Amino acid sequence: MADKTLSDPVFSGDWASYYEKTGQRPPRATLIRALDSFDREERPDNALAADLGCGSGRDTIEILRRGWPVHAVDASRDAIDGLLARPDLPKNAHIDTQLARYEDMSLPQCDLINAAFSLPLCPPDAFPGVWRKVHDALRESGRFSGQLYGDRDSWAGREGMTFHDALEIDALLAGFEVEYLEEKEEDSVTPRGTPKHWHIFHIVAKKT
Ligand SMILES: C[S@@+](CC[C@H](N)C(=O)[O-])C[C@H]1O[C@@H](n2cnc3c(N)ncnc32)[C@H](O)[C@@H]1O
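Residues numbered from 1 in each chain as written. Predicted model: local features only at pLDDT ≥ 70, side-chain atom pairs only at ≥ 80, totals over all residues. Heavy atoms only, no water.

Next up on the list: the site of the ligand. Near the ligand there are 19 residues, and of these Tyr19, Arg28, Gly53, Asp74 and Tyr102 occur at the shortest range. Within the contact set of the ligand, an oxygen atom lies 2.9 Å away from a side-chain nitrogen or oxygen of Arg28. Contact between the ligand and Asp74: an oxygen atom at 2.5 Å from a side-chain N or O atom of the residue. Protein chains bury 96% of the 600 Å² of accessible surface belonging to the ligand in isolation. Considered class by class, the residues forming the shell around the ligand number 10 nonpolar, 4 polar and 5 charged. (Near = heavy atom within 4 Å. Polar contact = N/O pair within 3.5 Å; in protein donor to acceptor, adjacent residues only side chain to side chain. Areas by Shrake-Rupley, 256 points an atom, 1.4 Å probe, with all protein chains shown as cover. Nonpolar A, V, L, I, M, F, W, Y, C, P; charged D, E, K, R; others polar.)

Burial analysis of strand S4 (residues 110-115) places 6 of its 6 residues in the buried class, the great majority of the element. One ladder, built from 5 bridges, connects S4 with strand S5 (residues 138-150); its direction is parallel. Bridge pairing in S5 places Leu112 opposite Arg143. In this region the chain leaves S4, passes through helix H6 (residues 127-137) and returns to the parallel neighbour S5; the handedness of that crossover is right-handed. (Buried < 20%, exposed > 50% of the residue type's maximum accessible area, 1.4 Å probe, protein only. Helix = DSSP H or I, 4+ residues; strand = E, 2+ residues; numbered from the N terminus. Pairing = 2+ DSSP bridges. Right-handed = clockwise from strand over helix to strand, strands pointing away.)

Another aspect to go through is the nonpolar core. In a soluble, globular protein the nonpolar side chains are often hidden away together inside. Leu52, Ile113, Leu119 and Phe144 are the most contacted members of the largest nonpolar core, which has 28 residues in total. Looking at this core element by element, the count peaks at 5 residues for H6. Judged by nonpolar contacts, the second largest core, of 18 residues, contains Leu31, Trp68, Ala72 and Leu112. (Core = buried A, V, L, I, M, F, W, Y, C linked by side-chain atoms within 4.5 Å.)

Further remarks concern the packing of aromatic side chains. Taken as a whole and judged by the stated rule, the model has 11 aromatic pairs. Each ring, one from Trp131 and one from Phe176, has its centre 6.0 Å from the other, and the planes form 45 degrees; the classification is tilted. Placement of Trp131 in helix H6 and of Phe176 in strand S7 (residues 176-189) is noted, with a sequence separation of 45 residues between them. Across this residue pair, the class does not change: Trp131 and Phe176 are buried. The interplanar angle of 40 degrees and the centroid separation of 6.0 Å between the aromatic rings of Tyr149 and Phe163 together place this pair among those described as tilted. Taken together, the positions of Tyr149 in strand S5 and Phe163 in strand S6 (residues 163-164) put the pair 14 residues apart, joining distant regions of the chain. Like Tyr149, the residue Phe163 is buried in the burial classification. Seen from the ring of Tyr149, Lys196 lies directly overhead, with NZ or CZ sitting 5.4 Å from the centre. Between the NZ or CZ atom of Lys196 and the centre of the ring of Trp198, over which it lies, the distance is 3.7 Å. (Phe/Tyr/Trp six-rings, centres within 6.5 Å; stacked < 30°, edge-to-face > 60°. Lys NZ or Arg CZ within 6 Å of the ring centre and 35° of its normal.)

In a packed pair of helices, the relevant descriptors are the angle between the two axes and the axis-to-axis distance. Here helix H3 (residues 29-40) crosses helix H4 (residues 58-65) at 15 degrees, and the two axes come no closer than 10 Å. Of the possible angle classes, the one that applies to H3 and H4 is roughly parallel. The handedness of the crossing between H3 and H4 is right-handed. Between H3 and H4, the contacting residues are Leu31, Ile32 and Leu35 on the first element and Asp59, Glu62 and Ile63 on the second. In the contact of H3 with H4, the residues fall into 4 nonpolar, no polar and 2 charged. (Axes fitted to C-alpha atoms, helices over the stretch in contact; angles between N-to-C directions. Parallel < 35°, antiparallel > 145°, perpendicular 65-115°, else oblique. Left-handed = near helix turned anticlockwise from the far one by under 90°. Contact = heavy atoms within 4.5 Å.)

Along the chain, the position of Phe201 falls in strand S8 (residues 195-207). Sequence separation of Phe201 and Phe127 is 74 residues, and the distance between their C-alpha atoms is 16 Å. Residues in contact with Phe201, not counting those within four places in the same chain, are Gly146, Gln147, Leu148, Tyr149, Gly150, His164, Asp165, Ala166, Ile169, Leu181, Glu182 and Glu183.

When strand S2 (residues 70-74) meets strand S3 (residues 95-99), the two strands line up parallel, connected through 5 bridges. Residue pairing in the sheet places Val73 in a bridge with Gln98 of S3. Regarding the hand of the β-α-β motif, the stretch spanning S2, helix H5 (residues 77-84) and S3 is right-handed.

Given below as structure tokens:
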């Protein structure tokens, strides 16, 4: 029997319908936590955020709305085009975009790096280098917000994707003060309605 999950954009690369279904959804809770933490502190001079795997911009728009300049990265031209065409893109938004895979991207120095449900979409042999780029691009006291996939996720083992167990997550977060870490497992569906076991680590961490 054909594996229905293979029609999911994660495997087919057809992100257009994903963007259509999710683009207007509210920003991710992890992003809101990170932005709220910055709001409680003095925002650094020349603050800059990056949104990795920005998709059609549900998080990018919120970062811009809060007055941050954003460097948005995605490997899909549909994502970047869709983001720049959004009617709710704030006027005079400070946004620049990079059409690139994480493996090839170069990142400016940032105070916030957001990667919502996006960084695991790179092969395991490339992930350490990508995570190193994220770590190195964050200024001291900068924050990472986003999700990583757990090893009990039903997609674990799929080619081109990276999964971590709890100990590996702890190791990745060495060098950060962990402000929020929630490991969540549930049986639910993908945005396309395909049943899936989700095993997700929701993270907000501050570089020390
Ligand atoms: C599941 S979507 C998440 C989009 C958005 N962050 C959100 O929360 O709705 C993953 C995004 O990552 C992008 N992506 C997947 N693999 C990538 C890679 N290796 N490098 C850069 N972008 C990638 C896809 O094009 C897609 O827009």
